[in-house]
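Structural characterization, general
What follows is the residue order along each chain.
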Amino acid sequence: MEKPAVSFVNYELEKFSFQRNQTDESEINIEMSISTQTNENDIALRKITLNLTLTGAVSSEIVIAGIFKKGDYPEDFENTNALHIIGASVLLPYARSILSFISSIDGKKPILLPTINLNNFFEKENP
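Described below are features of the structure shown in this document.

How each quantity is defined
Residues numbered from 1 in each chain as written. Predicted model: local features only at pLDDT ≥ 70, side-chain atom pairs only at ≥ 80, totals over all residues. Heavy atoms only, no water. Helix = DSSP H or I, 4+ residues; strand = E, 2+ residues; numbered from the N terminus. Contact = heavy atoms within 4.5 Å. Salt bridge = Lys/Arg side-chain N within 4 Å of Asp/Glu carboxyl O. Buried < 20%, exposed > 50% of the residue type's maximum accessible area, 1.4 Å probe, protein only.

**Quick notes on the side chain of Thr49**
Here Thr49 is to be found in strand S3 (residues 45-56). For Thr49, the contacting residues outside a window of four places in its chain are Glu14, Ser33, Ile34, Ser35, Val63, Ile64 and Ala65.

**Observations regarding the pattern of salt bridges**
In the structure shown here, the tally under the stated rule is three salt bridges. We note a salt bridge from Lys47 to Glu14, for which the minimum N-O separation is 2.9 Å. Of the two residues, Lys47 is situated in strand S3 and Glu14 in strand S1 (residues 6-20); the sequence distance between them amounts to 33 residues. The partner of Asp106 in a salt bridge is Arg20, and the shortest N-O contact between them spans 2.9 Å. Remark: Arg20 occurs in strand S1 and Asp106 occurs in the loop between helix H2 (80-104) and helix H3 (118-125); sequence separation between them is 86 residues. Look at Arg20 and you get partly exposed, because its relative accessible area is 21%.

Now the structure itself:
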């Protein structure tokens, strides 16, 4: 069995804010950004931080970071676009779950993040 190019170590919720806006608007706009940091003490580790900002019917910011470890294919680990896609695909379900849970505890309809085609998103970000 082949080893993965990147292994997921853990994640942490760095920031979360949520507010329902008093508006007739029902649409929610989503902005997403992602960044990568190298661990100075262990070059086999990367910290990938996903930042989601929601506006419109709600105002919310979710910042979630994941730690990823290099596998046997260092070229995949150095490809920032591939690393961003991998990081976002792992971290988005955590952000989706946290937002859904928090937004449902006031008895109103929970906010569900849609599925995002990350390949298309990062192609637009990095032409």
